[in-house]
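As a plain string of letters, each chain reads:
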Amino acid sequence: MIYLYKQTNLFLFAAFFLTTGCATTKVATLEKRPDCETSVEGFFHSQNVWAGRRPALILKSNKKKALGGELISTDENGVRFDVSRQGPFYDPEEEYYPYKDVKTLIGHKGEILYGQLPKNATVSWGLQLSLIPRKNRDQKPLKLELKPNESFGFCLQPGTYFIKDVYFIDKHKNMDKAVDFPDLFIHVKRNASNYIGDIYLDPLEYNPEKEIVLPYKIHSRPRDAFNAGFLGGLVGGALHAASISAKGIIGQHSIIVKENKNFRQKGYKTKNVSLLLKKSK
C-alpha cells in the first residue's frame, strides 16, 4: 500500500508538470483590480468547431456515434468512406454512402462537408498567453487567460512584452501548444486603458496579409493521462507522458486582430489603441 501511494503521487506530479509546463504568474483581472492605472483590454472570438476524430462520418441510423476513418472521395450524391477498425475482429470494408443516409460528414481539418455539427460534439478554444518583458527575458512569465467569446481586461505594468508561449485550451482542459510561430509582442502604454484589439481565432475570412499562423502540437490530455495512470500506475502515466511529448505538429490555428471602434473599455484612465500580436520586424 505504501508503495502504491508513493507511485500514485509520483504519477500525479508528472501529470501536473506536463499539464502546467514552466511556472507562470497569473496576471490580475480588472474585476479584481478595478483601480488599476495601466490595463490591457480586448475581446477574444472563438467559434465552435468539431471536437471529435477527423475525418468522420455520422450516419442517420446512429446519430450518436461518429465513425472515424479515411475519406476516399465525394460527389454530388454521396461519399466514399473507409471506416476504421471497429474491434479486434471487425474491420469494415470501404463503402459508398448516399447523402440520404448521412447525418454529418467532417473533413480532414474539421470542416463540415455535409450536414450540420451535433451540438454536443463541438468545442470552442480558449487562449493562454505567457508574456515576458522584452528587456528582461529571464523574468518569470506572466499568464493571461482569454476565455472564448468574452471580453478581457488585465492589470499589467507598462512596457513591451514578448509572447513566449501560446496555448489553446478547451472545456475538458485539453491543451495544445503553439510551436514555430513568429515573434510577437504586446505594447502597453503607461497610465492608459490599452485596447489591444478584437482577437479572432480561426476566422472564417481568409486574409494572408493579416493572418498569424500558429502550428500546434498536443501538450496535455488530462483525461487520457488519468486513465493511463489508473490502468498502468507510474509506468502507464510515464508512457502516456512520453507519447504526448513525442507527438509532432498535428495542425495549425490562425489569428487575426482587428480594431472594433465600438469596443467599450473598462479602465478609467486615458484610452489607448495599440493592437496586440503584432509581428516583429
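It should be noted that the structure appears before, not after, this text.
These remarks concern the structure in this document. Positions within a chain are numbered from 1, following the residues in the order the chain's sequence is written. Where totals are concerned, whole chains, interfaces and linings use all residues; where local detail is concerned, this predicted model gives features only for residues with pLDDT of at least 70, and gives and counts side-chain atom pairs only at 80 or more. Note: side-chain values were computed over all heavy atoms of the structure, leaving out hydrogens and water.

Only DSSP runs of H or I covering at least 4 residues are called helices, and only runs of E covering at least 2 are called strands; the numbering of each starts at the N terminus. A count of helices and strands for the chain gives two helices and 21 strands. Residue burial considers only the protein chains on display, and all accessible areas are found by Shrake-Rupley using a 1.4 Å probe. Entry remark: accessible area of the chain is about 16,800 Å², with carbon and sulfur atoms responsible for 53%.

Moving on, we get to the pattern of salt bridges. For salt bridges, the criterion is a side-chain nitrogen of Lys or Arg within 4 Å of an Asp or Glu carboxyl oxygen. Enumeration according to the criterion identifies ten salt bridges in this entry. Among the salt bridges present, the one from D101 reaches K100, with a minimum N-O distance of 3.4 Å. Look at K100 and you get exposed, because its relative accessible area is 62%. Salt bridges sharing partners connect three or more residues here, namely K26, K143 and E145. Each residue is assigned to one of three classes by its accessible area relative to the maximum for its type, calculated with a 1.4 Å probe on protein chains only: buried under 20%, partly exposed between the two thresholds, exposed over 50%.

This part covers the state of the cysteines. Any cysteine sulfur atom paired with another within 2.5 Å is treated as part of a disulfide. Considering all chains together, one arrives at one disulfide under this definition. For C36, the disulfide goes to C155, at an S-S distance of 2.1 Å. In this structure, the disulfide formed by C36 and C155 twists by about 90 degrees around the S-S bond and is classed as right-handed. Remark: C155 occurs in strand β13 (residues 150-155) and C36 occurs in the loop between β1 (25-26) and β2 (39-46); sequence separation between them is 119 residues. Of the two residues, C36 and C155, both sit in the buried class.

Our focus in this paragraph is empty space enclosed by the protein. Cavity and pocket criteria rest on a 1 Å grid covering protein atoms alone: a 1.4 Å probe that fits but cannot get out defines a cavity, protein on both sides within 12 Å along at least 5 of 7 lines defines an open pocket, and an atom within 4 Å of a point defines a lining residue. Grid points are joined across faces, edges and corners, and a volume is the space filled by probe spheres set on the points. Summed over the entire model, instances satisfying the criterion amount to two cavities of 30 Å³ or more. If you trace the second largest cavity, you find it lined by S46, Q47, V49, W125, L201 and D202. The residue classification treats Ala, Val, Leu, Ile, Met, Phe, Trp, Tyr, Cys and Pro as nonpolar and Asp, Glu, Lys and Arg as charged. All others, Gly included, are polar. Split into classes, the residues belonging to the lining of the second largest cavity amount to three nonpolar, two polar and one charged.

Moving on, we get to the nonpolar core. The biggest cluster of nonpolar side chains holds 32 residues, and the ones touching the most others in it are L131, V166 and F168. In terms of residue count, strand β14 (residues 159-169) provides more of this core than any other element does, four residues in total. Contacts are assigned to residue pairs with any non-hydrogen atoms lying within 4.5 Å of each other. In this structure V166 touches L127, Q128, L129, D176, K177, A178, F181 and L214, once residues within four positions along its chain are discounted. In this description, a nonpolar core means a group of buried Ala, Val, Leu, Ile, Met, Phe, Trp, Tyr and Cys residues linked to one another through side-chain atoms lying within 4.5 Å.

Another aspect to go through is the sheet that holds strand β4 (residues 56-59). In this analysis, strands are considered paired if DSSP registers two or more bridges between them. With antiparallel pairing, six strands are arranged side by side in an open sheet as β7-β6-β5-β4-β8-β9. The sheet terminates laterally at β7 (95-98) and β9 (112-115), the two strands that pair on one side only. Averaged over neighbouring strand pairs, the angle between their axes works out to 35 degrees when direction is ignored. Inter-axis angles, ranging from 0 to 180 degrees, are taken between N-to-C directions of lines fitted to C-alpha atoms, where helices are fitted over the stretch in contact.

Okay, unusual backbone geometry next. If you check the backbone angles, N191 has positive phi at about 50 degrees while not being a glycine. The partly exposed category is assigned to N191, whose relative accessible area is 37%. One non-glycine residue with positive phi stands out, namely D202, at about 50 degrees. Position of D202 among the secondary structure elements: in the loop between β17 (192-201) and β18 (212-220). The exposure class assigned to D202 is partly exposed, which follows from its relative accessible area of 21%.

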